[in-house]
Amino acid sequence: MPTVDEVLAHVGEFNFFQKQTFLLLALLSASFPPIYVGIVFLGLTPEHRCRSPGVAQLSRRCGWSPAEELNLTVPGPGPAGEAFPRQCLSYEVDWNRSGLDCVDPLAGLAANRSLLPLGPCGHGWVYDTPGSSIVTEFNLVCANSWMLDLVQAAVNVGFFVGSMGIGYIADRFGRKLCLLLTILINATSGVLMAVAPTYPWVLLFRLVQGLVSKAGWVIGYILMTEFVGLSYRRTVGIAYQVAFTVGLLVLAGAAYVLPHWRWLQFAVTLPNFCFLLYYWCVPESPRWLLSQNRHAEAMQVMRHISRKNGKATPAALQCLRPDEEVGEKLNPSFLDLVRTPQIRKHTLILMYNWFTGSVLYQGLIMHMGLAGSNVYLDFFYSALVEFPAALLIVITIDRIGRRYPWAGSNMVAGAACLASVFIPEDLQWLRVTVACLGRMGITMAYEMVCLVNAELYPTFIRNLGVLVCSSMCDIGGILTPFLVYRLTGIWQELPLVIFAAVGLVAGGLVLLLPETRGQTLPETIEEVENLRRPRRNKEKKIYLPVKKQDIPLN
């Protein structure tokens, strides 16, 4: 009885049908970045200052330029380490009084401006931007700036909850139905967010998008890998993540063309409705159909694949069976992830690396939006380096192995973050170069942990291990906006120092894991416990031929 992989070897492992399906699902992957890191543009925080009644009229009467108005009526930046008085405080002065001088309106009120009382912005803010963002529309600055952190945290809470439930839903009701449902909910909630009248509604619809968007991305990944042959799965998985990088580039261009956040949200959301056409274009996974004992439907899908690929349908298709036939049913438990020494070590190190990957990847992108340079170009350049990151993974993973490229990429990311702290602002080209190097390193590390996680667990707890460890990715995403946006209020480079420490530690911990290159996937806990790092002295053994005495059988 042939398996799906054996039938695909005859009808085509990566022919016309698989290429067509990959292109369709790659579009789904490219639509995910606006939700994952779109906060950089949707929540862009421009230069701002308190709105003071009467200042505009005084400026017109005196004929001030915008720069003169700023210097004469707004407090200075304040001492080093103090939180931005220019943006969050204003002089407690009645600017409508008639005795104010045009040359120096505050000279008659105090001998030194620093003696004038300052108060919070009671009449809103003035934003120096031609567009708009969630920040400018709902005044998410100063005392309310934590509310912007909450928007991105809500997305990651949705990722966490949605990912925990997606395995059951996709296994119970099928990949295709689950995919179409997540697409519909994601597109609808995205449009509702674009027309949301108040901040709580924006937060709610962003949370809903988080619940289904990552789940839909994962289902697309699962579907694609289940349609292709065994020898193409890793390459297709990396290419699926490259499509995500293409989405980053498109997002940067769309944000530049559409500086108003509502129009940008419409532009990145409406194409999702087109993915509902996949109902007619993408069939259900034959592997899932076989697991549900729906053999007739599975054979129909395989005939469709062979017809699309221009191949003859093999006669053995009638005897199609699942790829894995389980004899003794083992019930996985969370305790199995920490019960034995080696698996416990794998679990802790993998959880930390998932957490690190999310914090550094999202954190570097968010910090870029606060750096004060051209956020669109910086975002675009840093996204470009993800292409060589994927290429390096393809080149090194089967030649050098997993451990050293993975550990090195974490260390490069951490070292780049640390180096950025000491580069002066006037060397902008060097700052961008080092930032791109760090982005390439953490992209490699992030993709490597996705590939290696499943190779370090035995079969019966493999899915559970990946699910539990990767959940730390979403926990890191929840904490990241608070780390970035709160710590920059203390010191602009403080998040980079933390990122450097976290990345360097992650690289060191990876070296404690065993090398899995060329190893078959472990089936039992005993096989995982026997995995060890290669030792040099074992490679220096000398084997001598020994001549055995021939003994007659009779």
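Identification of the protein as Solute carrier family 22 member 2 from Myotis myotis is taken from an unreviewed UniProt entry. Per UniProt, the protein carries the Sequence similarities (unreviewed entry) text "Belongs to the major facilitator (TC 2.A.1) superfamily. Organic cation transporter (TC 2.A.1.19) family."

Novice: What am I meant to see in the nonpolar core here?
Specialist: Nonpolar side chains in soluble globular proteins tend to end up buried together. Ranked by internal contacts, the top residues of the largest apolar core, which has 130 residues, are F379 and W406. The biggest single contributor to this core is helix 17 (residues 341-369), with twelve residues. Here this core spans two domains, since at least three of its residues come from each of domain 1 (1-46 + 129-311) and domain 2 (335-530). Discounting residues that sit within four places of it in the chain, F379 has contacts with V37, V40, F41, L248, L251, A252, I365 and M368. Among the nonpolar cores identified, the runner-up in size contains twelve residues, and V93, W95, L100 and L106 belong to it.

Novice: Even after reading the chapter, I still don't get the confidence of the model for the protein, so can you show me in this structure?
Specialist: Residues shown with low pLDDT carry predicted positions that ought not to be read at fine detail. When pLDDT is averaged along the protein, the result is 84; 88% of the residues meet or exceed 70. Predicted confidence in the protein is weakest over helix 7 (residues 85-88), with a mean pLDDT of 74, and strongest over helix 13 (residues 261-269), with 96. When the criterion is pLDDT under 50, residues 533-541 qualifies, and its contacts beyond four places in sequence or with other chains add up to seven contacts. Considering only residues more than four positions removed or in separate chains, one finds that residues 550-554, a stretch of pLDDT under 50, has zero contacts.

Novice: I tried to follow the side chain of E455 on my own but got confused; where do I start?
Specialist: By the element assignment, E455 lies in the loop between helix 21 (428-452) and helix 22 (462-487). Owing to a relative accessible area of 14%, E455 belongs among the buried residues under this scheme.

Novice: So what exactly am I meant to see when it comes to the pattern of salt bridges here?
Specialist: A complete count under the given rule lists 13 salt bridges for this structure. Note that D398 and R234 form a salt bridge whose closest N and O atoms lie 3.0 Å from each other. Placement of the pair is D398 in the loop between helix 19 (386-396) and helix 20 (403-422) and R234 in helix 12 (residues 233-257), with a sequence separation of 164 residues. Of the residues examined, R234 reaches a relative accessible area of 33% and is grouped as partly exposed. In this structure, the salt-bridge partner of R402 is E455, at a minimum N-O distance of 3.0 Å. With a gap of 53 residues between them, R402 in the loop between helix 19 and helix 20 and E455 in the loop between helix 21 and helix 22 connect regions that are remote in the sequence. Beyond isolated ion pairs, a larger network of salt bridges with shared partners links R234, D398, R402 and E455.

Novice: I keep staring at the state of the cysteines and nothing clicks. Help me out?
Specialist: What the rule picks out here adds up to three disulfides. What pairs with C62 in a disulfide is C102, and their sulfur atoms sit 2.0 Å apart. Across the S-S bond of C62 and C102 the torsion is about -70°, and the bridge reads as left-handed. Within this pair, whereas C62 is found in helix 5 (residues 55-62), its partner C102 is found in the loop between strand 2 (89-91) and strand 3 (118-120), the two being separated by 40 residues in sequence. Residue C102 is classed as partly exposed on the basis of its relative accessible area of 26%. When the bonded cysteines of the protein are numbered from the N-terminus onward, they pair as 1-5, 2-4, 3-6.

Novice: Before we go on, may I ask you to explain unusual backbone geometry in this structure?
Specialist: What you tend to see is this: most non-glycine residues have negative phi, and most peptide bonds are trans. Its identity as a non-glycine residue notwithstanding, N139 has a phi of 55°, on the positive side. By relative accessible area, which is 26% here, N139 ends up partly exposed. The backbone of C142 shows a phi angle near 55°, a positive value even though the residue is not glycine. Within the fold, C142 resides in the loop between helix 8 (134-138) and helix 9 (146-173). Classification of C142 by relative accessible area gives partly exposed; the value is 23%.

Novice: What is the right way to look at the packing of aromatic side chains in this model?
Specialist: Each pair of aromatic rings is reported with the distance of its centres and the angle of its planes. With the rule as written, the count across this model stands at 23 aromatic pairs. Geometrically, the ring pair formed by F14 and Y232 is stacked, given 5.4 Å between the ring centres and 20° between the ring planes. Taken together, the positions of F14 in the loop between helix 1 (4-11) and helix 2 (16-30) and Y232 in the loop between helix 11 (199-227) and helix 12 put the pair 218 residues apart, joining distant regions of the chain. Take Y232: its relative accessible area is 35%, and that puts it in the partly exposed class. An angle of 50° between the planes, with centres 5.1 Å apart, marks the rings of W217 and Y240 as tilted. Of this pair, W217 sits in helix 11 while Y240 is found in helix 12, placing the two residues 23 residues apart along the sequence. Using a relative accessible area of 1% as the deciding quantity, one classes Y240 as buried. Aromatic rings pair up to connect F32, Y36, F159, W217, Y221, Y240, F244, W354, Y361 and Y446 into one cluster. Of note, K176 hangs over the ring of Y279, and the distance from its end group to the ring centre comes to 4.8 Å.

Novice: I keep staring at helix 13 and nothing clicks. Help me out?
Specialist: Because the α-helix completes a turn every 3.6 residues, residues three or four places apart line up on one side. Looking only at helix 13, the buried set comprises W261, R262, L264, Q265, V268 and T269. Projection of helix 13 onto a plane perpendicular to its axis shows the buried side chains occupying an angular sector of 160°, all on one side. Buried residues along helix 13 sit in contact with helix 3 (33-36), helix 4 (39-42), helix 8, helix 10 (175-194), helix 11 and helix 12.

Definitions and cut-offs
- Residues numbered from 1 in each chain as written.
- Predicted model: local features only at pLDDT ≥ 70, side-chain atom pairs only at ≥ 80, totals over all residues.
- Heavy atoms only, no water.
- UniProt positions renumbered as here; feature names shortened; annotations may be inferred.
- Core = buried A, V, L, I, M, F, W, Y, C linked by side-chain atoms within 4.5 Å.
- Buried < 20%, exposed > 50% of the residue type's maximum accessible area, 1.4 Å probe, protein only.
- Helix = DSSP H or I, 4+ residues; strand = E, 2+ residues; numbered from the N terminus.
- Domains from an automatic or database assignment.
- Contact = heavy atoms within 4.5 Å.
- pLDDT = per-residue confidence, 0-100.
- Salt bridge = Lys/Arg side-chain N within 4 Å of Asp/Glu carboxyl O.
- Disulfide = S-S within 2.5 Å.
- Phe/Tyr/Trp six-rings, centres within 6.5 Å; stacked < 30°, edge-to-face > 60°.
- Lys NZ or Arg CZ within 6 Å of the ring centre and 35° of its normal.
- Arc of directions from axis to C-beta.

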